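# Examining the three-dimensional arrangement
Listed below are the residues making up each chain.
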Amino acid sequence: DSGVTQTPKHLITATGQRVTLRCSPRSGDLSVYWYQQSLDQGLQFLIQYYNGEERAKGNILERFSAQQFPDLHSELNLSSLELGDSALYFCASSVAGFTGLNEKLFFGSGTQLSVL
Amino acid sequence: AQKITQTQPGMFVQEKEAVTLDCTYDTSDPSYGLFWYKQPSSGEMIFLIYQGSYDQQNATEGRYSLNFQKARKSANLVISASQLGDSAMYFCALRSNDYKLSFGAGTTVTVRA
């Protein structure tokens with residue numbers, strides 16, 4: 001168990017809808033990362049938050065947004081969903097994320113999103 | 001921009017034998033870190049091993065070792081004495097000065113009894 005909690009584990013929704021994925025980082029970790037894993041794109045970095053502030057941005061669509069709350073949990077909001085958004089969404093956490101190249105990321109079990 | 005290449009989409013290995021998973025990378029940063037993660041069928045990503053670009057010795061963690069060839073920009077993972085539980089997808093990842101962790105496409109390993 002990595003200590004990173006993601007809910008829900010599975011989500012089935014329809015095109016055009018909006019969903020929220022939730023992540024609780026490991027105790028003591030200040031950084032949260034979101035990744036999208038799909039068969040055609042592989043593991044893509046979406047966004048990183050550190051202590052409530054956006055730290056780095058990757059290939060995140062404008063329809064997607066995220067935030068990190070004062071208790072350090074994070075939510076990823078996906079709106080106007082399309083079929084191509086179906087993927088496994090991972091949350092990861094680390095102590096800081098920019099203090100050393102060797103800093104490990106600990107991953108949650110992911111949320112499997114299916115857009116029908 | 002950094003790029004990580006894993007050219008083996010799938011591999012089969014006999015139980016108790018060793019297997020080498022290839023990873024090549026491209027970065028212009030002089031300092032970087034290389035990671036390997038395992039993703040079993042249950043889906044979670046598990047950290048296996050880390051190698052820093054300035055580390056003098058190849059990293060080892062139990063049955064996992066990293067064959068790091070800096071001049072060739074290669075960081076191959078060696079799993080010794082394969083076990084059935086090693087069947088999974090394995091990802092090579094790179095972090096350089098922007099601190100983003102970028103992943104390769106992965107290699108699926110199937111261990112046969």
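Residues numbered from 1 in each chain as written. Chains lettered and ligands numbered in written order. Predicted model: local features only at pLDDT ≥ 70, side-chain atom pairs only at ≥ 80, totals over all residues. Heavy atoms only, no water.

### A look at the sheet that holds strand S1 (residues 5-7) of chain A
Two orientations exist for strands paired in a sheet by backbone hydrogen bonds: parallel and antiparallel. Residues and elements named next belong to chain A. This is how it is decided: Any two strands between which DSSP finds at least two bridges are classified as paired. Helix and strand definitions here come from DSSP, where helices need a minimum of 4 consecutive H or I residues and strands a minimum of 2 consecutive E residues; each element is numbered from the N-terminal end. Helix axes use the C-alpha atoms of the stretch in contact, all axes being lines fitted to C-alpha atoms, and the angles between their N-to-C directions lie in the range 0 to 180 degrees.
Ordered by their spatial adjacency, 4 strands build an open sheet running S1-S3-S8-S7, and the pairing between neighbours is antiparallel. With partners counted over all chains shown, the strands left at the sheet margins are S1 and strand S7 (64-68), one partner each. Direction aside, neighbouring strands of the sheet carry axes that sit 15° apart on average. Relative to strand S3 (residues 19-24), S1 is paired through 3 bridges, and the arrangement is antiparallel. Bridging from a neighbouring strand, Thr-7 pairs with Arg-22 of S3.

### Here we look at the interface of chain B and chain A
Under the convention used in this document: Only heavy atoms matter for contacts: two residues are in contact if any of them lie within 4.5 Å across the pair. Buried area counts how much accessible surface, traced with a 1.4 Å probe, disappears from two parts once they are put together, with both parts' losses summed. Salt bridges are counted wherever a side-chain nitrogen of Lys or Arg sits within 4 Å of a carboxyl oxygen of Asp or Glu. The term polar contact refers here to a pair of N or O atoms within 3.5 Å; inside protein, the definition further demands a hydrogen-donor-capable atom paired with an acceptor-capable atom, and it admits residues adjacent in sequence only when both atoms are side-chain atoms. By the convention adopted, Pro, Cys, Tyr, Trp, Phe, Met, Ile, Leu, Val and Ala count as nonpolar, Lys, Arg, Asp and Glu as charged, and the other residues, Gly among them, as polar.
Listed as interface residues are 19 residues of chain B and, on the opposing side, 21 residues of chain A. Among the residues chain B hides against chain A, the three largest losses belong to Met-45, Arg-95 and Tyr-99 of chain B. Together they make up 34% of the total. For the pair chain B and chain A, the number of links is 0 salt bridges. At the junction of chain B with chain A, the criterion picks out 6 residue pairs in polar contact (both at pLDDT 80 or more). Counting only elements with at least two residues in the side of chain B that touches chain A, the list comes to strand S5 (33-39), strand S6 (46-52), strand S10 (88-95) and strand S11 (101-103) of chain B. The element that contributes the greatest number of residues to the side of chain B that touches chain A is S5 of chain B, accounting for 4 residues. Of the residues that constitute the side of chain B that touches chain A, the class distribution is 10 nonpolar, 6 polar and 3 charged.

### Remarks on the confidence of the model for chain B
Just so we agree on the cut-off: Residue-level confidence of the predictor is summarised by pLDDT, bounded by 0 at the bottom and 100 at the top.
Averaged over all residues, the pLDDT of chain B is 94; the fraction at 70 or higher stands at 99%. Per-element confidence in chain B is highest for strand S9 (residues 74-79) of chain B, whose mean pLDDT is 98, and lowest for S11 of chain B, whose mean pLDDT is 92.

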